[in-house]
Amino acid sequence: MDAAWSKFLEVLDRVTAPFLSVGSMFSLSSLACALGIAIALIAWRLHSRRRRIRLRVILRALFPRRITFHASTGVDVSYLIFNTFIFGAMFSWALFSFRAISNGTINVLTSAFGTPAATTLPEFATRAALTVVLFLAYEICYWLHHYLCHRVPFLWEFHKVHHSANVLTPITVFRVHPVDTWLFANMMSAVVGAANGVANYAIGVTVYQYMLTDTNLILVVFIHVYIHFQHSHLWIAFRGLAGRILLSPAHHQVHHSANPAHFNKNLGSCLAVWDWMFGTLHVPAKAPERLNFGVEAGGRDVQTITEAYLASFPRAAQSMRGSPRPAASIGPDPTGERLAAEDLAAIDLAPVRQS
């Protein structure tokens, strides 16, 4: 009985963690912050255009019917349920242990170069330095994983599931294939674990990064400030130097674009600096761009979870025998309902068209 109860609590914690953990990508606290920032932004833009700040207009801007009731949004809900409450409850994503890789790295370095001298820096300085190092390790690993998923045909067949969304909402983050998630989790454990080992060896003493609920503090800040807007219809673009260092919501919306000019661009998570460094950066325009989203798979739009999950395997196998069919736009949805023109003109938030 005790073993069964412990297993139940373990599964319950795994299921609720994405929503209750402050450091989760979909925590209730980050969603609340995103909602507050969105309301403030819409109200400010209405005020700047000398429009009355009305609840009806704000709600229509936040939850346009053309997106809220789009079939693609309903599929996103299916992915959320499956990946969180079914697959996520049954399986652990990472095979590699962050701690084991970190300790192994320290042991290898110690065997090769000897025991390092302990730093004389104060603890807050070493912890702050480690926090920055591991955040940068997370970001470069995110970029590398994303780059491989777009450039390697076998991996693209699984990652393509995420790009099949015809409209973007915060829950689109759950529209991922288990193979894609498994690869990401294990690459992250290996890269960040190795970075932690190298940093601890260099410091000479065991130190820990600043975290909230086991998540890097810097990443938690980004999650609560604007990560949710990357999968949304709200156009927030960083330009100039900021657009080359930080990946704004508009950067990621361009990444999802079905326009071939935008393919394989803006592969980072929070930072655009890796895209800038490696030539995959596309800085978005200040004004909302006209974007269509979605890809075809096997000649048709894929909007069922079973089709997306199961059909990815034979397509991936086929890609190993020859060049896969290139991703293609599926075109605008003629039945999509748009916000009233006067509201869009007043608020100027949406990337205008999501098919």
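Residues numbered from 1 in each chain as written. Predicted model: local features only at pLDDT ≥ 70, side-chain atom pairs only at ≥ 80, totals over all residues. Heavy atoms only, no water.

Engineer: Help me understand the overall build of the chain in this model?
Structural biologist: The helix and strand inventory of the chain stands at 15 helices and 4 strands. Within the chain, buried positions represent 47% of all 355 residues. Partitioning the contacts of the chain with sequence separation of at least 6, the portion at a separation of at least 24 is 78%. Surface exposure of the chain reaches about 17300 Å², of which carbon and sulfur atoms provide 67%. (Helix = DSSP H or I, 4+ residues; strand = E, 2+ residues; numbered from the N terminus. Buried < 20%, exposed > 50% of the residue type's maximum accessible area, 1.4 Å probe, protein only. Contact = heavy atoms within 4.5 Å. Areas by Shrake-Rupley, 256 points an atom, 1.4 Å probe, with all protein chains shown as cover.)

Engineer: Is there a simple way to think about the confidence of the model for the chain in this case?
Structural biologist: Should the pLDDT be low somewhere, the predicted coordinates at that spot are not to be read in detail. Model confidence for the chain is summarised by a mean pLDDT of 84, while 80% of its residues fall at 70 or above. Segment residues 324-353: pLDDT under 50, and 82 contacts once partners within four positions in sequence are set aside and those in other chains are kept. (pLDDT = per-residue confidence, 0-100.)

Engineer: It is not clear to me how a nonpolar patch on the surface should be interpreted in this structure. Could you clarify?
Structural biologist: A contiguous nonpolar surface patch, about 420 Å² in accessible area, is contributed by Val-22, Ile-37, Leu-212, Leu-217, Val-221 and Val-225. The element that contributes the greatest number of residues to the nonpolar patch is helix 10 (residues 217-225), accounting for 3 residues. With respect to the secondary-structure elements, Val-22 resides in the loop between helix 1 (2-20) and helix 2 (28-48). We classify Val-22 as partly exposed; its relative accessible area is 31%. (Patch = residues over 30% accessible without salt bridge, like charges linked within 9 Å, V, L, I, M, F, W, Y side chains within 5 Å. Salt bridge = Lys/Arg side-chain N within 4 Å of Asp/Glu carboxyl O.)

Engineer: Hey, could you run me through the pattern of salt bridges in this one?
Structural biologist: Pairing is possible between side chains of opposite charge, provided their charged atoms come close. Evaluation of the coordinates by the stated rule reveals 3 salt bridges. With a shortest N-O distance of 3.1 Å, Arg-315 and Glu-157 are connected by a salt bridge. Here the residue Arg-315 occupies a position in helix 14 (residues 305-319), and Glu-157 occupies one in helix 8 (residues 153-163), the gap between them amounting to 158 residues. Overall, Glu-157 belongs to the buried group, its relative accessible area being 3%. Look at the salt bridges and you will find they share partners, linking Glu-157, Lys-160 and Arg-315 into a network.

Engineer: Which parts of the structure should I look at to understand the layout of surface pockets?
Structural biologist: One simple way to see leftover space: roll a probe sized like a water molecule over the atoms. Roughly 430 Å³ of internal volume is contained in the second largest pocket. Lining of the second largest pocket is provided by 19 residues; of these, Leu-62, Phe-63, Thr-169, Pro-170 and His-233 occupy positions nearest its centre. The residue inventory of the lining of the second largest pocket, partitioned by class, reads 13 nonpolar, 6 polar and no charged. (1 Å grid on protein atoms, 1.4 Å probe; cavity = no way out; pocket = protein on both sides within 12 Å on 5 of 7 lines; lining within 4 Å. Points joined across faces, edges and corners; volume = space filled by probe spheres on them. Nonpolar A, V, L, I, M, F, W, Y, C, P; charged D, E, K, R; others polar.)

Engineer: Please clarify how the nonpolar core should be interpreted in this entry.
Structural biologist: Taken as a class, soluble globular proteins show a tendency for nonpolar side chains to be buried jointly. Ranked by internal contacts, the top residues of the largest apolar core, which has 39 residues, are Phe-222 and Phe-229. Breaking this core down by element, the ones donating at least two residues are helix 2, helix 3 (55-62), helix 7 (123-151), helix 9 (178-203) and helix 10. A per-element tally of this core places helix 7 first, with 9 residues. When neighbours within four sequence positions are excluded, Phe-229 is seen to be in contact with Ala-34, Ile-37, Ala-38, Leu-234, Ile-236, Pro-249 and Gln-253. Of all hydrophobic cores here, the second largest spans 11 residues; its members include Phe-19, Phe-26, Val-75 and Tyr-79. (Core = buried A, V, L, I, M, F, W, Y, C linked by side-chain atoms within 4.5 Å.)

Engineer: Honestly, the packing of helix 2 against helix 3 in this entry has me stumped. Any pointers?
Structural biologist: Between two packed helices, the angle of one axis relative to the other and the distance separating the axes together describe the packing. Contact geometry of helix 2 with helix 3 gives a least axis separation of 10 Å together with a crossing angle of 120 degrees. When the interaxial angle is binned, helix 2 and helix 3 end up oblique. At the point where helix 2 passes helix 3, the crossing takes the right-handed sense. Along its contact with helix 2, which presents Leu-35, Ala-38, Ile-39, Ile-42 and Leu-46, the element helix 3 presents Val-57, Ile-58, Ala-61 and Leu-62. Here the residues of the contact of helix 2 with helix 3 are counted per class, giving 9 nonpolar, no polar and no charged. (Axes fitted to C-alpha atoms, helices over the stretch in contact; angles between N-to-C directions. Parallel < 35°, antiparallel > 145°, perpendicular 65-115°, else oblique. Left-handed = near helix turned anticlockwise from the far one by under 90°.)

Engineer: Help me out: how do you make sense of the packing of aromatic side chains in this one?
Structural biologist: How two aromatic rings sit relative to each other is set out by the distance from centre to centre and by the angle between their planes. The final tally for this structure, using the stated rule, is 12 aromatic pairs. Ring plane angle 40 degrees and centroid distance 6.2 Å describe the contact between Tyr-138 and Tyr-142, whose orientation is recorded as tilted. Of this pair, Tyr-138 and Tyr-142 both sit in helix 7, 4 residues apart, which is roughly one turn of the helix. A relative accessible area of 13% means that Tyr-138 is categorised as buried. (Phe/Tyr/Trp six-rings, centres within 6.5 Å; stacked < 30°, edge-to-face > 60°.)

Engineer: Teacher, can you tell me more about the packing of helix 7 against helix 10 here?
Structural biologist: Running from N to C, helix 7 and helix 10 cross one another at 60 degrees; their axes reach a closest spacing of 8 Å. By the criterion of interaxial angle, the relationship of helix 7 to helix 10 is oblique. Judged by residue contacts, Thr-131, Val-132, Phe-135 and Tyr-138 of helix 7 engage Leu-217, Ile-218, Leu-219 and Phe-222 from helix 10. For the contact of helix 7 with helix 10, a count of residues per class yields 7 nonpolar, 1 polar and no charged.

Engineer: What is the right way to look at the environment of Thr-172 in this model?
Structural biologist: Position of Thr-172 relative to the elements: it lies in the loop between helix 8 and helix 9. When its relative accessible area of 0% is taken as the criterion, Thr-172 is described as buried. Taking the C-alpha atoms as reference points, Thr-172 and His-162, separated by 10 residues in sequence, lie 7.5 Å from one another. Beyond its immediate chain neighbours, meaning those up to four positions away, Thr-172 contacts Asp-76, His-162, Ala-165, Val-167 and His-231.

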